[in-house]
Amino acid sequence: MRVVSLLPSATEIVYALGVEPVGVSHECDHPPAARELPAVNFSRVDPEASSEEIDAQVQEAEREHGGVYGIDVDVLDDLEPDVIVTQGICDVCAVDEVVVAEAVEEIDADPEILTTDPHSLDDVFGDVERVGAALDRPERAAEVVADLRERVDAVRERTTDLPAAERPRTAVLDWLAPPMVAGHWVPEIVDIAGGEYGMADPGDRSRPREWADVRAYDPELLVAGPCGFDLDQTRENLDDLRERPGYADLAAVEAERAWAVDGHHLLNRPGPRLVETLEVLAGVLHPDRFPAPPESFARPLSDLAPRTDA
């Protein structure tokens, strides 16, 4: 079966099911073999720009082109897909299903378009099962989901006895300029990992928030995990956070409990590695109960040097 995946999380699902896609998105980089496959879509935004510049470019792309992403129809036609996996959760994160449907009308193949729209861990597990069914891998999908649920339960079992006083008031920012409080699966993950998440409910969409709201909430644990940014790119944009009024007075900063977490590979990628995100956040929230997270995925902000012009 010839599969095209148009977002990194779906690519990881497809590989986890034992299927190698014939084409992927320009952002698909895990597993490493995905980097060698033809890219079917393109972005109108420079991913190496600052968070503020990217925000401006996104708005311009929406005004001028109706969206951030486009499809290379010639590449898609050459790949002759049987199934295309896309998403409907966010037209800034990956190519939208409407754009995909318009492109399919221009090619000879007549593929099934499978759209993911996850807002919780259960939604992600359901996507694994739906993709597994579409790719004739239902048994493998059941095995993958069972393993993921077992890992989630292992974390939950070690935090269920925590009293409220030992659950740090937590804020996760998935964009820095403007500041956005992470929603979707993040409130659920923080709760399972042993934190209190008071700025969004499970399933809420991520949305911009006034910095004054973050200051009023005064998180005891602060996580910066901008969507699409790994730790190096987050480091380059930390002044967008550090230079905000009252940042140094936040409880999390005073207690040296402000962290950067890889927003590109973990926090904002709703595929199998969301469970790894849970394990990382558990280590950040409760280092007495869980192993320290790998430095490749999470670092204290105090360890990351401020951005300089040098």
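Refer to the structure presented above.
Small disclaimer: the values here were computed from a predicted structure and weren't measured.

*Asks:* Could you give an account of the pairing of strand S6 (residues 170-176), with specific residues and numbers?
*Replies:* Most of S6 sits inside the fold, with seven of its seven residues counted as buried. As paired elements, S6 and strand S9 (residues 221-224) share four bridges and run parallel to each other. Residue pairing for S9: Ala 171 is matched across the bridge by Leu 222. Between the end of S6 and the start of strand S7 (residues 179-181), which pair antiparallel, lie two residues.

*Asks:* Which residues make up the packing of helix H5 (residues 121-134) against helix H6 (residues 138-157), and what values go with them?
*Replies:* Helices that pack against each other are described as a pair by the angle of their axes relative to one another and the distance between those axes. Relative orientation of the contacting elements H5 and H6 amounts to 165°, with a least axis distance of 7 Å. Considering the angle they form, H5 stands roughly antiparallel to H6. Seen from above, H5 lies across H6 with right-handed handedness. Touching Leu 121, Asp 122, Phe 125, Val 128, Glu 129 and Gly 132 of H5 are Pro 138, Ala 141, Val 144, Val 145, Leu 148, Arg 149 and Val 152, all from H6. Looking at the contact of H5 with H6, its residues break down into nine nonpolar, one polar and three charged.

*Asks:* Which residues make up helix H4 (residues 97-104), and what values go with them?
*Replies:* Taken as a whole, H4 has its buried residues at Val 100, Ala 103 and Val 104. With its buried residues spanning 100° around the axis, H4 presents them on a single face.

*Asks:* Can you explain the environment of Leu 281? Please cite residues and give values.
*Replies:* Here Leu 281 lies in helix H13 (residues 274-285). For Leu 281, a relative accessible area of 2% translates into the label buried. Counting along the chain gives 88 residues from Leu 281 to Ala 193, while the straight-line C-alpha distance between them is 6.4 Å. Each residue touching Leu 281, except ones within four places of it in the same chain, is listed here: Ile 189, Val 190, Ala 193, Val 223, Val 261 and Leu 267.

*Asks:* Explain a negative patch on the surface to me, and be specific about the residues and the numbers.
*Replies:* A surface patch of like charges, here negative, comprises Asp 72, Asp 74, Asp 78, Glu 80, Asp 82 and Asp 108. Turning to its location among the elements, Asp 78 is positioned in helix H3 (residues 73-79). Residue Asp 78 is classed as exposed on the basis of its relative accessible area of 61%.

*Asks:* So what's going on with the sheet that holds strand S10 (residues 258-261)? Which residues, and what values?
*Replies:* What holds strands together in a sheet is hydrogen bonding between their backbones, with the strands either parallel or antiparallel. Reading across the sheet, the six strands line up as S8-S7-S6-S9-S10-S11 and stay open at both edges, with mixed pairing between neighbours. Edge strands, defined here as strands with exactly one partner in the open sheet, are strand S8 (207-208) and strand S11 (298-300). Alignment of S9 against S10, held across three bridges, turns out to be parallel. From the neighbouring strand, Ala 224 faces S10, where its bridge partner is Ala 260.

Rules used in this analysis
Residues numbered from 1 in each chain as written. Predicted model: local features only at pLDDT ≥ 70, side-chain atom pairs only at ≥ 80, totals over all residues. Heavy atoms only, no water. Buried < 20%, exposed > 50% of the residue type's maximum accessible area, 1.4 Å probe, protein only. Helix = DSSP H or I, 4+ residues; strand = E, 2+ residues; numbered from the N terminus. Pairing = 2+ DSSP bridges. Axes fitted to C-alpha atoms, helices over the stretch in contact; angles between N-to-C directions. Parallel < 35°, antiparallel > 145°, perpendicular 65-115°, else oblique. Left-handed = near helix turned anticlockwise from the far one by under 90°. Contact = heavy atoms within 4.5 Å. Nonpolar A, V, L, I, M, F, W, Y, C, P; charged D, E, K, R; others polar. Arc of directions from axis to C-beta. Patch = residues over 30% accessible without salt bridge, like charges linked within 9 Å, V, L, I, M, F, W, Y side chains within 5 Å. Areas by Shrake-Rupley, 256 points an atom, 1.4 Å probe, with all protein chains shown as cover. Salt bridge = Lys/Arg side-chain N within 4 Å of Asp/Glu carboxyl O. Lys, Arg positive; Asp, Glu negative; His and termini not counted. Charge placed at Lys NZ, Arg CZ, Asp CG, Glu CD.

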